[in-house]
Amino acid sequence: MATGGMLAFASGTVFFRGQGIGLPVLQPNFWQSIAGAVALLPMAIVFGQPLAVPSTATMIAIAHLVLVVTIGGMSLWLVLIRISGASTASSYHLFNPFFGVLLAYLILGEPLRMMDFMGAGLIVSGLFLSAQARARAPQC
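Residues numbered from 1 in each chain as written. Predicted model: local features only at pLDDT ≥ 70, side-chain atom pairs only at ≥ 80, totals over all residues. Heavy atoms only, no water.

## Observations regarding the overall build of the chain
Check the secondary structure of the chain and you find 6 helices and 0 strands. Counted from the first residue to the last, the chain has its helices and strands arranged as α-α-α-α-α-α. Relative to a compact globule of 140 residues, whose C-alpha radius of gyration would be 14 Å, the chain shows 18 Å and is clearly more extended. Overall, the C-alpha framework of the chain stretches about 60 × 40 × 25 Å when taken along its three principal axes. When burial is assessed residue by residue, the chain has 16% of its 140 residues classed as buried. Residue pairs in contact within the chain that sit at least 24 positions apart in sequence constitute 75% of those at least 6 positions apart. (Helix = DSSP H or I, 4+ residues; strand = E, 2+ residues; numbered from the N terminus. Rg over C-alpha atoms; globule rule 2.2 N^0.38 Å. Buried < 20%, exposed > 50% of the residue type's maximum accessible area, 1.4 Å probe, protein only. Contact = heavy atoms within 4.5 Å.)

This is the structure:
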């Protein structure tokens, strides 16, 4: 499932950059959500549990996941692709784990460890090296 999700995300990024650049951001976001739901439906049928009456906290969490994470996050991702290109946007996408750790620190009070900063340092180093390689590459 993780490999399929990664391949779908990567191909969607490349497709949007090449074909969907003129589309409104919410249109590909909508179709991506529908495609994901259809792809996960067989897994939900096979491994899912019977529906229960959700609590208010569950409904708030689902609304947050749908509106903020899925629609908001993917819309920002598509705008970033439109502004900076797929390769640059994908490079900065590598910061997501560190920002997740940072938000856990700010919102949940999770401790920040030295390993978190070392990981962020490795990401920054990799981005710096790739930016330097791009700058030195001959422009056609």
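## Here we look at the packing of helix α2 (residues 26-47) against helix α3 (residues 56-84)
Interaxial distance between α2 and α3 falls to 9 Å at its minimum, and their mutual angle equals 125 degrees. The orientation of α2 relative to α3 falls into the category oblique. Here α2 runs over α3; the crossing is right-handed. Facing α2, whose interface residues are L26, P28, N29, Q32 and S33, α3 presents T70, I71, M74, S75 and L78. (Axes fitted to C-alpha atoms, helices over the stretch in contact; angles between N-to-C directions. Parallel < 35°, antiparallel > 145°, perpendicular 65-115°, else oblique. Left-handed = near helix turned anticlockwise from the far one by under 90°.)

## Looking at the side chain of D116
One can find D116 in helix α6 (residues 114-136). On the basis of relative accessibility, which here comes to 12%, the residue D116 falls in the buried class. Setting aside its immediate chain neighbours within four residues, D116 contacts F98, V101 and P111.

## Side note on the nonpolar core
By size, the foremost hydrophobic cluster in this structure holds 8 residues: F16, V25, M74, W77, L78, I81, A86 and A89. Looking at this core, the elements with two or more residues in it are α3 and α4 (86-93). At 4 residues, the largest contribution of residues to this core is made by α3. Excluding residues that lie within four positions of it along the chain, W77 makes contacts with F9, T13, A89, S90 and H93. (Core = buried A, V, L, I, M, F, W, Y, C linked by side-chain atoms within 4.5 Å.)

## Some words on the confidence of the model for the chain
Mean pLDDT for the chain: 82, with 94% of residues reaching 70 or above. For the chain, per-element mean pLDDT is lowest for helix α1 (residues 2-18), which scores 74, and highest for helix α5 (residues 96-108), which scores 88. (pLDDT = per-residue confidence, 0-100.)

## What to know about the packing of aromatic side chains
Taken as a whole and judged by the stated rule, the model has 3 aromatic pairs. Pairing F95 with F99 gives two aromatic rings, centres 6.0 Å apart and planes at 50 degrees, and the pair type is tilted. (Phe/Tyr/Trp six-rings, centres within 6.5 Å; stacked < 30°, edge-to-face > 60°.)

## Regarding the environment of V14
By the secondary structure assignment, V14 is in helix α1. We classify V14 as exposed; its relative accessible area is 56%.

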